[in-house]
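# Observations on the three-dimensional arrangement
The lines below spell out each chain.
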Amino acid sequence: SFVAFLCVNLSLVNARALSQRDVFNPPIIYPTTGTVWHVGDKHNVTWDPSVLPPAFPGTGMIVLGFLDDSGDGNEHLDLAKGFQLITGRAEITVPSVITRDSYILVLFGDSGNASPAFTI
């Protein structure tokens, strides 16, 4: 019947709309806890792209921040942007910042996720 046809088509539209809202959160692999970077060095920040759908078209941005004494993150330095998330890596140059052991990287793209704390 027409009503059944309409219901099936509406459910397909809703399923397509839901899939477009899926959020993918690739975990950061490097840097890890205990990593020490030095100002001016180049490093490949890496993440696991296997959680992304094949040929995922999204681009990303990596931001350097740090955890303060309250455990809150303070994100403030853009390190890389415009790279394809599906590649699983982006090269950055360590900026001139004060030494601390609570730096984190946040990978933005489809979502935002943070690395473990590390030292610069």
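Computed from a prediction, not measured in an experiment: that's the story for all the values here.

Mapping Ser102 onto the fold places it in the loop between strand S5 (89–93) and strand S6 (103–108). Under the relative-accessibility criterion, Ser102 is labelled buried at 13%. Those residues in contact with Ser102 that lie beyond four places of it in its chain are Gly65, Phe66, Leu67, Ala117 and Phe118.

Strand order across the open sheet formed by three strands is S1-S2-S5, with antiparallel pairing between neighbours. Across the chains shown, the open sheet's two edge strands, defined by having one partner strand only, are strand S1 (28–30) and S5. For this sheet, the mean angle separating the axes of adjacent strands, direction not counted, is 30°.

Of note, His43 is situated in strand S2 (residues 42–47). In terms of polar contacts, His43 uses its side chain to reach the side chain of Tyr30, at 3.2 Å. Setting aside anything within four residues of it in sequence, one finds His43 in contact with Tyr30, Trp37, Ala90, Glu91, Ile92 and Val94.

Rules behind the numbers
- Residues numbered from 1 in each chain as written.
- Predicted model: local features only at pLDDT ≥ 70, side-chain atom pairs only at ≥ 80, totals over all residues.
- Heavy atoms only, no water.
- Helix = DSSP H or I, 4+ residues; strand = E, 2+ residues; numbered from the N terminus.
- Buried < 20%, exposed > 50% of the residue type's maximum accessible area, 1.4 Å probe, protein only.
- Contact = heavy atoms within 4.5 Å.
- Pairing = 2+ DSSP bridges.
- Axes fitted to C-alpha atoms, helices over the stretch in contact; angles between N-to-C directions.
- Polar contact = N/O pair within 3.5 Å; in protein donor to acceptor, adjacent residues only side chain to side chain.

Read these as spatial facts, not as claims about activity.
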